[in-house]
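Fold and geometry: a report
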Amino acid sequence: MFLWGLRLINEFAVDADEYRRALSTFVTGVTVVTTLQTNGTPRGLTANSFTSVSLDPPLVLVCVAKRASSYTAFANAAHFAVNVLTESQKKISDLFSSKSVDKFAQIQWYACCTGSPVIRDTAASFDCRMHQIVEAGDHTILIGRVLSFSYTNAMPLGYFRSIYVNLSLSKNVSACVQLAH
Ligand SMILES: Cc1cc2nc3c(=O)[nH]c(=O)nc-3n(C[C@H](O)[C@H](O)[C@H](O)COP(=O)(O)O)c2cc1C
């Protein structure tokens, strides 16, 4: 095991790049969080901060940066949806992490019963009612009450150290290693 760096954080000095590098060792999935704006147009951004919070009641959270251009849309939303991307949807992740003006024109989606946009052919989707909004530093935590969900057996897309990972490849590798023993 190699220790690349031990960093002590005090309130006044945090090396942001080093801190991000340490956080990026945590493997996550990739989601696109979507909502319908009050003017009736869809809005969305790529987010890997998605987490399950509670099973009963079913609550999930996602953190949205205050500097995101879609921040106001989410901060004022009554509903939002979380779309868990598959390995074949990296381009959708790139699109929704960009500043493209019409992200939804380039993908297949439909409006679910709450109006939130749901992306087609994802690994899973969670349709949520806004339950609580928590201010937290340069992000805001959106906690949603899950009203409905769906899932498929497609492989979810992984992400760590700022790159996408195909979990199905690692699964195959470990299967090969087991066969070789
Ligand atoms: C894999 C990945 C995960 C991300 N996770 C988050 C996140 O959890 N919260 C967030 O606010 N931005 C996150 N971002 C950055 C936003 O997707 C990016 O800033 C995007 O441009 C925001 O869109 P907007 O400016 O149209 O709102 C992530 C980007 C990538 C590539």
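Basis of the calculations
- Residues numbered from 1 in each chain as written.
- Predicted model: local features only at pLDDT ≥ 70, side-chain atom pairs only at ≥ 80, totals over all residues.
- Heavy atoms only, no water.
- Core = buried A, V, L, I, M, F, W, Y, C linked by side-chain atoms within 4.5 Å.
- Buried < 20%, exposed > 50% of the residue type's maximum accessible area, 1.4 Å probe, protein only.
- Helix = DSSP H or I, 4+ residues; strand = E, 2+ residues; numbered from the N terminus.
- Contact = heavy atoms within 4.5 Å.
- Near = heavy atom within 4 Å.
- Polar contact = N/O pair within 3.5 Å; in protein donor to acceptor, adjacent residues only side chain to side chain.
- 1 Å grid on protein atoms, 1.4 Å probe; cavity = no way out; pocket = protein on both sides within 12 Å on 5 of 7 lines; lining within 4 Å.
- Sits in = over half its atoms within 2 Å of the grid points.
- Nonpolar A, V, L, I, M, F, W, Y, C, P; charged D, E, K, R; others polar.

**Regarding the nonpolar core**
With 16 residues, the main nonpolar core has Val33, Leu45, Val62, Val64, Phe74, Phe80 and Leu142 as its most contacted residues. For this core, the secondary structure elements donating two or more residues are strand S3 (42-47), strand S5 (59-65), helix H2 (71-75), strand S6 (79-84), strand S9 (124-136) and strand S10 (139-151). The element contributing the most residues to this core is S5, with three residues. Beyond its immediate stretch of four places on either side in the chain, valine 62 contacts Val33, Ala47, Ser49, Phe50, Phe80, Thr140, Ile141 and Leu142. Counting residues in each nonpolar core, the second largest holds 10 residues, with Leu85, Phe104, Ile119 and Leu157 among its members.

**Overview of the site of the ligand**
Neighbouring the ligand are 17 residues; Ser49, Ala65, Ser69, Ser70 and Lys99 lie closest to it. One of the side-chain nitrogen or oxygen atoms of lysine 103 is found 3.0 Å away from an oxygen atom of the ligand. With respect to the pocket detection grid, the ligand is positioned in the largest pocket. Of all elements in the fold, only S3 and S5 reach the threshold of two or more residues within the shell around the ligand. Of the residues assigned to the shell around the ligand, the class counts are eight nonpolar, seven polar and two charged.

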